[in-house]
Amino acid sequence: MNALENWFCSTGYWRRVTQQQVLPWMISGASLGDHVLEIGAGPGAATQELRRLAPWVTSLEYSHSFAANLAARDRDGNGCVLQGDAAALPFAEKSFSSAIAMLMLHHLRSSGEQECAFREIFRVLRPGGVFFAVDIPDRLLHRAIHWRSTFVPLNPVTIPARLAAAGFSQVNVQFRPGGFGFQAVRTHVA
């Protein structure tokens, strides 16, 4: 992420928007279950609210400095923070009741890494577990904001097929101004 992204994602404004608007829309009508995997926690805009909503939250962050800062800030409570890669999750199969990726999938370096992440998320979800995600479309403004940063936008039209290829079912893509979100379920078989 570049300096603008790092700054914006660390603001109180973004934390409030995340907690009061984005998360409620993202998980609307679904249950997080007892153990949430937060993928791409960044500076923790969603972490506190997720910990309020679920009994246990494991937050994964690629950036060592973000992970270390978030872990130092959130020592008490119902969660933990780890540094790791969404395309190679360091967890056992069927460990989580749900997984959340908020505005992070476009930061994976290629569509191939996104595919790996989808397969890994499927692998670590329990049968019946839900994958929630929110991301941004490919627009000139988003490309400008991501100058000198990784930006591999997802095409929302292809998400159902991409997630089905990873094993997910019941894929639901929704749109709102500025972005889109989706939910997908790990099937109950194998």
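Residues numbered from 1 in each chain as written. Predicted model: local features only at pLDDT ≥ 70, side-chain atom pairs only at ≥ 80, totals over all residues. Heavy atoms only, no water.

1. Quick look at a nonpolar patch on the surface
So, point 1. A cluster of nonpolar side chains, Leu 4, Trp 7, Phe 8 and Tyr 13, forms an exposed patch at the surface whose accessible area comes to about 460 Å².
So, point 2. Tracing the sequence through the fold places Trp 7 in helix H1 (residues 3–9). (Patch = residues over 30% accessible without salt bridge, like charges linked within 9 Å, V, L, I, M, F, W, Y side chains within 5 Å. Areas by Shrake-Rupley, 256 points an atom, 1.4 Å probe, with all protein chains shown as cover. Salt bridge = Lys/Arg side-chain N within 4 Å of Asp/Glu carboxyl O. Helix = DSSP H or I, 4+ residues; strand = E, 2+ residues; numbered from the N terminus.)

2. Thoughts on the sheet that holds strand S3 (residues 79–83)
Paired through their backbone hydrogen bonds, the strands of a sheet run either parallel or antiparallel.
So, point 1. Across the sheet, 7 strands lie side by side as S3-S2-S1-S4-S5-S7-S6; this open sheet has mixed pairing. The outermost strands of the open sheet, each flanked by one partner alone, are S3 and strand S6 (168–176). This sheet shows a mean twist of 15° between the axes of neighbouring strands, independent of strand direction.
So, point 2. Sheet analysis places strand S2 (residues 56–61) next to S3, joined by 5 bridges and oriented parallel. (Pairing = 2+ DSSP bridges. Axes fitted to C-alpha atoms, helices over the stretch in contact; angles between N-to-C directions.)

3. Looking at the pattern of salt bridges
So, point 1. Scanning the entire structure with this criterion turns up 5 salt bridges.
So, point 2. Two residues, Glu 49 and Arg 52, come together in a salt bridge whose shortest N-O distance is 2.6 Å. Taken together, the residues span about one helical turn, with Glu 49 and Arg 52 both in helix H3 (residues 47–53) at a distance of 3 residues.

4. Quick notes on the nonpolar core
So, point 1. Grouped together as the largest cluster of nonpolar side chains are 28 residues, with contacts concentrated most on Leu 37, Leu 105, Ile 121, Phe 131, Leu 163, Phe 168 and Phe 182.
So, point 2. Listed by contribution, the elements that provide at least two residues to this core are strand S1 (35–39), strand S4 (96–102), helix H5 (111–124), strand S5 (125–135), helix H7 (159–166) and strand S7 (179–186).
So, point 3. Excluding residues within four positions of it along the chain, Leu 163 makes contact with Phe 118, Phe 131, Phe 168, Val 171, Phe 182 and Ala 184.
So, point 4. Listed in part, the 19 residues of the second largest apolar core include Val 22, Ala 45, Leu 50 and Val 185. (Core = buried A, V, L, I, M, F, W, Y, C linked by side-chain atoms within 4.5 Å. Buried < 20%, exposed > 50% of the residue type's maximum accessible area, 1.4 Å probe, protein only. Contact = heavy atoms within 4.5 Å.)

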